[in-house]
Amino acid sequence: MNTFVRKDSIVRKIWGKSDTVLFIFAGASAEFALNKAVNWLYFTGRLPADPLERLFSTVTYAQRIIFMPYEQSIAAISDIRAAHAAVEKKRGQNIPQWSYRDVLYMLISYSITVYELLERKLSEAEKEEVYNVFCRVGLLMGIQKLPETYSEWLPDRDLHLQQDLGRSHYTLDLYKQYRKHLGPIRYWLLLQVQQLICPAQVKHLLNLKMNPLIPPAFVLYKMTRRLRADTLVKALFLPGAYKQQIRRLNMAPLT
């Protein structure tokens, strides 16, 4: 069966476990809130209205691209591009190219960071594979000026972090929505995960500080993963209404 992402690709391993995916989007939720083009997410109203539902919608598209047969992957990318085009037409202006790159860069960066945090260090070849997969997605979406290699991407990622992020009233409002939909305990956990995985610039702008209890708690969590006793712990991350969606994030049998 022809696939957009090879069956033995490290990208399938990264995106095949529910907690890895949740950690990736915990980091992305921090950068979304700081991005200078976040007003586009407010134009549709979907993200502030229900950030958790938006999370699962985005993950569904990502996993369609990564795990489905080639034709379905291409169709998913076309659907994403069409959805953005519809928003641009409705607003009467184009989403900035740098903003498209920012979102793609988040997925690349957090895919690598989270997997290394939860599993093991990636080789340079595996990092290149992660970059190549998402770069191909970006090119099919019409994203311009993408670096050709992972090593060329690294300084561009740093440049985007310095230029495209800033704390605004959107930042404050999104974090209010995160707290509202997660509740105080899960919201606190979100902040701790973000502190673990976000780049220094993001942590500085959000004033994220590590609670001293988190490092030993995280070691314990990794032990529960190895013992396959982490189901209850995963349930702590999101409200019970999303239990089925969390289960569906596990795509490992397809790899």
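Right above here is the structure, for reference.
Residues numbered from 1 in each chain as written. Predicted model: local features only at pLDDT ≥ 70, side-chain atom pairs only at ≥ 80, totals over all residues. Heavy atoms only, no water.

1. Here's the deal with the overall build of the chain
On a plain count of helices and strands, the chain comes out with 15 helices and zero strands. Taken across its 255 residues, the chain has 51% of its residues classed as buried. At a minimum sequence separation of 6, the contacts of the chain that also span at least 24 residues come to 75%. Accessible surface, the chain as shown: approximately 12,900 Å² in total, 58% of it carbon and sulfur. (Helix = DSSP H or I, 4+ residues; strand = E, 2+ residues; numbered from the N terminus. Buried < 20%, exposed > 50% of the residue type's maximum accessible area, 1.4 Å probe, protein only. Contact = heavy atoms within 4.5 Å. Areas by Shrake-Rupley, 256 points an atom, 1.4 Å probe, with all protein chains shown as cover.)

2. Concerning the packing of helix H2 (residues 18-34) against helix H10 (residues 169-182)
Between H2 and H10, the least distance of the axes is 7 Å, while the angle of their chain directions is 145 degrees. Contacts from Ser29, Ala30, Phe32, Ala33 and Leu34 in H2 reach Tyr170, Thr171, Leu174, Tyr175 and Tyr178 in H10. A class-by-class count of the residues in the contact of H2 with H10 yields eight nonpolar, two polar and no charged. (Axes fitted to C-alpha atoms, helices over the stretch in contact; angles between N-to-C directions. Nonpolar A, V, L, I, M, F, W, Y, C, P; charged D, E, K, R; others polar.)

3. A look at unusual backbone geometry
In this structure, lysine 145 takes a positive phi of about 60 degrees despite not being glycine. Inspection of the secondary structure puts lysine 145 in the loop between helix H8 (124-140) and helix H9 (150-163). A positive phi is found at asparagine 207, a non-glycine position, where the angle reads about 55 degrees. The residue asparagine 207 is located in the loop between helix H12 (200-206) and helix H13 (214-226) in this model.

4. Focus on the layout of surface pockets
Volume-wise, the largest pocket comes out at about 1,300 Å³. Around the largest pocket, the lining is made up of 50 residues, and of these Phe25, Phe32, Arg54, Thr58 and Val103 lie nearest the centre. Among the elements that take part in the lining of the largest pocket, helix H5 (residues 51-67) stands out by supplying ten residues, more than any other. For the lining of the largest pocket, the residue count by class is 39 nonpolar, seven polar and four charged. (1 Å grid on protein atoms, 1.4 Å probe; cavity = no way out; pocket = protein on both sides within 12 Å on 5 of 7 lines; lining within 4 Å. Points joined across faces, edges and corners; volume = space filled by probe spheres on them.)

5. Considering empty space enclosed by the protein
Under the criterion given, the structure shown has one cavity of 30 Å³ or more. Size it by volume and the largest cavity reaches roughly 40 Å³. Lining the largest cavity, in full, are Glu31, Asn35, Asp102, Tyr105, Met106, Arg157, His160, Leu161, Asp164 and Leu165. Contributing elements (two or more residues each) for the lining of the largest cavity: helix H7 (97-118) and H9. Among the residues forming the lining of the largest cavity, the class breakdown is four nonpolar, two polar and four charged.

6. A short note on the packing of H2 against H5
It is the contact of H2 with H5, at a shortest axis distance of 11 Å, that shows an interaxial angle of 120 degrees. Overall, the two elements H2 and H5 adopt an arrangement that is oblique. At the point where H2 passes H5, the crossing takes the right-handed sense. Here H2 contributes Val21, Leu22 and Phe25 to the contact with H5, which in turn contributes Leu55, Thr58, Val59 and Gln63. When its residues are assigned to classes, the contact of H2 with H5 shows five nonpolar, two polar and no charged. (Parallel < 35°, antiparallel > 145°, perpendicular 65-115°, else oblique. Left-handed = near helix turned anticlockwise from the far one by under 90°.)

7. Quick look at the side chain of aspartate 102
If you trace the backbone, aspartate 102 turns up in helix H7. There is no salt bridge for the buried aspartate 102, and the closest opposite charge comes from arginine 157, which lies 6.1 Å off by N-O distance. Engagement of the side chain of aspartate 102 in a polar contact is seen with the side chain of asparagine 35, the distance being 2.9 Å. Apart from residues no more than four positions distant in its own chain, aspartate 102 is found in contact with Asn35, His160 and Asp164. (Lys, Arg positive; Asp, Glu negative; His and termini not counted. Salt bridge = Lys/Arg side-chain N within 4 Å of Asp/Glu carboxyl O. Polar contact = N/O pair within 3.5 Å; in protein donor to acceptor, adjacent residues only side chain to side chain.)

8. Regarding a nonpolar patch on the surface
There is a patch of nonpolar side chains on the surface, built from Val219, Leu220 and Met223 and spanning about 280 Å² of accessible area. With respect to the helices, strands and loops of the structure, valine 219 is situated in helix H13. The class of valine 219 is partly exposed, set by a relative accessible area of 48%. (Patch = residues over 30% accessible without salt bridge, like charges linked within 9 Å, V, L, I, M, F, W, Y side chains within 5 Å.)

9. What to know about the packing of aromatic side chains
Overall, the coordinates contain ten aromatic pairs when judged by the stated rule. Each ring, one from tyrosine 42 and one from tyrosine 170, has its centre 4.8 Å from the other, and the planes form 50 degrees; the classification is tilted. On the criterion of sequence distance, the pair formed by tyrosine 42 in helix H3 (residues 39-44) and tyrosine 170 in helix H10 is long-range, its members being 128 residues apart. On the basis of relative accessible area, tyrosine 170 is assigned to the partly exposed category, the value being 24%. Consider the rings of tyrosine 175 and tyrosine 178, whose centres lie 5.0 Å apart with planes at 70 degrees: the pair is edge-to-face. Note that tyrosine 175 and tyrosine 178 are positioned in helix H10 at a spacing of three residues, about one turn of the helix. With a relative accessible area of 9%, tyrosine 175 lands in the buried category. Through a chain of ring-to-ring contacts, the aromatic side chains of Tyr105, Tyr131, Tyr150 and Trp153 assemble into a single cluster. Above the face of the tryptophan 40 ring, arginine 91 is positioned so that its terminal group lies 4.4 Å from the ring centre. Of note, arginine 157 hangs over the ring of tyrosine 110, and the distance from its end group to the ring centre comes to 5.9 Å. (Phe/Tyr/Trp six-rings, centres within 6.5 Å; stacked < 30°, edge-to-face > 60°. Lys NZ or Arg CZ within 6 Å of the ring centre and 35° of its normal.)

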